[in-house]
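For reference, the chains in residue letters:
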Amino acid sequence: MASRFTLRQLEYFVSVGEQGSIAQASAMVNVSSPSISAAITQLEAEFGLPLFVRKHAHGLRLTQAGRQFMDQARRVLNEAEGLNRLAGTISGNVQGPLNVGCLLTFVQVLLPAIRRRFQDAHPDVQVSQFECDQETLIEKLRCAEIDVALTYDLEIPPDLEFIPVRSLPLYAVVSGYHPLADHKSVSVKMLANHPMVLLDLPISSTYFLSIFEQASVAPKIVERTRDMAVMRSLVANGFGFSMANIRPHSDLSPDGRELRFIPLEGTHRPMRLGFVIPHGARSVLSVDTFIDHATQSISKWGYPGVPASQKI
């Protein structure tokens with residue numbers, strides 16, 4: 001006789017297993033805690049297995065059987081998601097879940113608007129977004145936790161495919177009263193004479209520092225931050241200059257102070273903005289449609305940078 005359980009129950013179970021707490025899982029899947037607790041109890045009763053050790057002060061911990069059960073539950077959910085996508089491909093309808101990752105440094109200026117237009121055009125797609133650094137995006141793609149990532153062409157491994165969309169020049173970011181603020185362009189050697197606020201994200205920071213290494217100078221790093229908004233506020237308040245590839249629509253810091261974005265002199269490799277996917281992922285209708293939609297949206301905006309096919 002077939003077991004009497006639902007995919008929804010498996011989804012709740014996996015969420016609790018990952019979060020270690022019914023309350024946190026409830027917030028993650030936007031379902032009430034009693035509903036999730038009931039789903040777990042029903043699964044344990046159906047299979048005759050204790051899936052969690054319940055500790056009042058420390059939440060829930062998977063039992064050995066629970067860990068094995070969760071591995072299989074994930075596979076079942078992945079297969080079910082595959083059936084959803086197959087049905088959409090066969091029918092020509094764009095539907096089902098779509099997990100989109102985006103690089104932390106520019107997610108706020110691109111992804112929400114792209115996602116809003118995409119979901120309005122394709123209401124049967126359930127989009128979830130993830131903001132990560134480059135290393136985490138690659139890891140999530142490899143683990144199939146996300147389907148597509150909007151990011152830069154930084155250290156893309158050969159088992160993943162990069163689809164370029166825009167080519168982005170380098171800017172020095174300074175405050176409105178910085179000694180270099182009125183320059184039309186600046187050189188790396190000029191910047192090396194001033195304090196620097198480094199956007200210290202994995203891989204991204206290596207790219208920025210390589211610009212100084214190529215010029216045989218060393219930057220004077222006085223502040224480090226992993227947050228783009230914090231970087232802009234530190235710069236606007238005079239703690240130093242920074243570097244960026246994306247120029248926001250507003251030349252103001254989050255606290256309302258003036259910023260200047262000055263083009264960098266020289267032949268530095270521009271960053272390319274685009275999509276990273278596993279090889280063959282464009283055969284999935286929702287992924288392919290999202291990439292086409294986002295590319296067209298960015299093209300119509302004319303932002304950021306120039307089309308990847310053009311030279312800066």
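For the structure itself, consult the block above.
Model, not experiment: these values are computed from the prediction.

### Describing the pairing of strand β7 (residues 171-175)
Consideration 1: In terms of burial, β7 is largely enclosed, as five of its five residues are buried.
Consideration 2: Burial of β7 is two-sided: the residues Y171, V173 and S175 facing one way and the residues A172 and V174 facing the other way are all buried.
Consideration 3: By the bridge criterion, five bridges tie β7 to strand β11 (residues 259-263) in an arrangement that is antiparallel. Within β11, the position partnered with Y171 by the bridge is P263.

### A word on the sheet that holds strand β12 (residues 271-278)
In a beta sheet, neighbouring strands pair by backbone hydrogen bonds and run either parallel or antiparallel.
Consideration 1: Across the sheet, six strands lie side by side as β4-β3-β5-β12-β6-β13; this open sheet has mixed pairing. The open sheet is flanked by β4 (125-132) and β13 (306-307), the only strands paired with a single partner.
Consideration 2: Seen against the sheet, helix α10 (residues 285-301) touches β3 (96-103), β5 (148-152), β6 (160-168) and β12 and runs at an angle of roughly 170° to β12.

### Re the sheet that holds strand β10 (residues 242-244)
Consideration 1: Spatial ordering of the open sheet is given by β10-β7-β11, a layout of three strands whose pairing is antiparallel. One side of each edge strand has no neighbouring strand; the edge strands of this open sheet are β10 and β11. Within the sheet, the average angular offset between the axes of one strand and its neighbour, ignoring direction, is 35°.
Consideration 2: Alignment of β7 against β10, held across three bridges, turns out to be antiparallel. The partner of Y171 across the bridge, within β10, is A244.

### Re the environment of F239
Consideration 1: Relative to the helices and strands, F239 is located in the loop between α9 (228-236) and β10.
Consideration 2: A residue is classified by how much of its surface remains accessible, and F239, at 41% relative accessible area, is partly exposed.
Consideration 3: Along the backbone, F239 and M70 are 169 residues apart, and their C-alpha atoms lie at a distance of 48 Å.

### Some words on the pattern of salt bridges
Pairing between side chains of opposite charge can happen when the charged atoms of each approach one another.
Consideration 1: Counted by the stated rule, this structure contains 15 salt bridges.
Consideration 2: Measuring nitrogen to oxygen at the nearest pair gives 2.7 Å for the salt bridge that ties R260 to E258.
Consideration 3: Take R260: its relative accessible area is 23%, and that puts it in the partly exposed class.
Consideration 4: Sharing partners across several salt bridges, the network here consists of D153, R269 and R272.

Conventions and cut-offs
- Residues numbered from 1 in each chain as written.
- Predicted model: local features only at pLDDT ≥ 70, side-chain atom pairs only at ≥ 80, totals over all residues.
- Heavy atoms only, no water.
- Buried < 20%, exposed > 50% of the residue type's maximum accessible area, 1.4 Å probe, protein only.
- Helix = DSSP H or I, 4+ residues; strand = E, 2+ residues; numbered from the N terminus.
- Pairing = 2+ DSSP bridges.
- Contact = heavy atoms within 4.5 Å.
- Axes fitted to C-alpha atoms, helices over the stretch in contact; angles between N-to-C directions.
- Salt bridge = Lys/Arg side-chain N within 4 Å of Asp/Glu carboxyl O.

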